[in-house]
Every structure is written in C-alpha cells, then in structure tokens.
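Letter by letter, the chains look like this.
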Amino acid sequence: MNRRHFLAIASGIAAGALLPTERALALEPVITAKQAQSTRLRDVVVCIDPGHGGRDPGAIGHHGTYEKNVVLDMGHRLRRMVEAQPGMRPIMSRDKDRYVSLEERVYFAQKHKADLFIAIHADASPYEQPRGSSVYVFTRHGATSESARVLAESQNQLDRSTGVNAHGNSLLSETLFDLESHAATNESLTFGSYLMNHITHVDHYRYNSVQRAAFVVLAAPTFPSALVETAFISNPEQERLLRNPAFRERMATSLLAGIKGYFANHAPPGTLLAARGNALQMMRGNV
C-alpha cells in the first residue's frame, strides 16, 4: 500500500467512515522517514551481549567447542536480523573474539542508551545429562533455584578471576540499588517471558518459568535485561546442535521473535515502534 492510499483510508476513519475489520487488521501503520524525523521518533536500541570472549573461553564441550565462539556467531546472526527490522538498531558489547568484563558490558549498554539488553550464553554442567535452554533475569534477594544461584555465582566469579575488579569498582556493591522495587525488574520478567515462549519452538525449555539470579551483567536498572542459556554445551548431543549453523540460525530467529513480541506491546515512548503501535491501536479502535 502506498502512502497516498494509506492517508486516504486514514482520512476516511477520521471522518467517521467505517473500515471492514479484516481490512483494518491487515493494515500496517505507515510512518515515513520524513514524519519520523519531524516528530523526533527514534529507533529502539537493542544491546546484544555474546558471553565470554578472548582469554575467557566460557564452557568447552566434549568435542572442543568453545562457548565464546558459538554465542558470538549467534550474536552476529541476531544483530543482522535486528538490523533488518524497521525501527530497531542493534549494538554489540563485543563483535569479535576479545575479552570484555561484565561491568564494561553494562556500561557499554548504558553509554549507548540501550532500550533492551540480551546476553547470549551456552549452559554447562559437570554431568552430561542436563539439557535444554533457559532464560534468566536479575534479582538481589535470593535466586529462583539452587542451580540458578550457582550459575550466577560461577559467571560472576569467572569474571572476577580474569581481572574485572582491578580498578576497585564493583557494580553490585557501588552502583546498584534495590532493583526489586524498580520497574526494570518487572519489565525484565516480561521480556524474559517473551523469549521463553519463542525458544520452546527451537529447544526444550529446561524450566517452566523465567529464572532469577544475581547475574552482574543483568544488574543495570535503566533497561530490561535477560540472559539466555542456549542449550547445554556439556551435553554431547546438544553440543552437536550448537555446532550446527542451522540451529544457531533458528535460535537467533527465536530471540528476534521474543524481542519483537516484547516491543510490540512495550516499545518506549518517542520511538518509531511505539508510534506504529499507537497508530495500529487507533485504527483498530475505529473499526
């Protein structure tokens, strides 16, 4: 549909004309680049955070698969997908094999005014049996489960062991407040739920709900954040999945679907996605 056709329909609605329901629901609200610039609408910023990197390989599978490599590949796939979405702009905390501390990842997202933060990892266990994907959000007051607590502690400790506190600043001890009362906590749970619902189409979900634990990388109070464990690299069968480009593509696609689902109902005011959502609601309300 061209712009003239859309404006003609919109004018009819404003004048009280009725539009058939099936046609109204099929319409995509059109906002041109000129309109977006004149009203200062902006793109939402999605920070993609591939875990580990550089001297920190993350978990290593039985066949020598490095977690840092497979999650970086998924991160790039997701970046390209987000970049192709009108109204979205991706940034990456690391776009190559280099070490980035947990604090630096959070500060990077804050510096670039991220609207959403998604960390990508691959899970691991001392045993081969555990399998499945999972989604985590931040909490300071007790993890959802013992396994969630152990996972968060291991990730945080691993970062400290590679020099994260060399400058003496601990994100948890110096820059955090009680996030349980902050809106970002509830928004993170909402975002995590969207991710969880779509991941289940790609891999078995390990838990029946979004998990909570004190992950330092999810601790920023200024935007919703979630960490995705994309299958167990310590499980030989799931390691083969992670080594498969087709699986990594499907996982990235599911993450994009979760991001799009979240922004469809929770786009920040002043963004192109929020304006489109409002336009669509107005059109449906006038049917």
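Scroll up for the structure.
Below is a summary of the structure that appears in this document. (Residues numbered from 1 in each chain as written. Predicted model: local features only at pLDDT ≥ 70, side-chain atom pairs only at ≥ 80, totals over all residues. Heavy atoms only, no water.)

1. Focus: the overall build of the protein chain
Then, number 1: Each helix and strand counted, the protein chain has 11 helices and 6 strands in total.
Then, number 2: Within the protein chain, the proportion of its 287 residues that are buried is 49%.
Then, number 3: In the protein chain, the share of contacts with a sequence separation of at least 24, taken over all contacts with a separation of at least 6, comes to 82%.
Then, number 4: Put simply, the protein chain shows about 13700 Å² of open surface, and 52% of that area lies on carbon and sulfur atoms. (Helix = DSSP H or I, 4+ residues; strand = E, 2+ residues; numbered from the N terminus. Buried < 20%, exposed > 50% of the residue type's maximum accessible area, 1.4 Å probe, protein only. Contact = heavy atoms within 4.5 Å. Areas by Shrake-Rupley, 256 points an atom, 1.4 Å probe, with all protein chains shown as cover.)

2. Things to note about the pairing of strand S4 (residues 134–138)
Then, number 1: The buried count for S4 comes to 5 of 5 residues, which makes it a mostly enclosed element.
Then, number 2: By the alternation rule, side chains of S4 split into Ser 134, Tyr 136 and Phe 138 and Val 135 and Val 137, which are all buried.
Then, number 3: The pairing of S4 with strand S6 (residues 225–232) spans 3 bridges and is antiparallel. Residue Ser 134 lies in a different strand from S6, and its bridge partner there is Glu 229.
Then, number 4: Sheet topology note: the S4/strand S5 (residues 211–213) ladder contains 3 bridges and is parallel. Bridging across to S5, Tyr 136 finds its partner in Gln 211. (Pairing = 2+ DSSP bridges.)

Everything listed here is a matter of geometry and, on its own, says nothing about what the molecule does.
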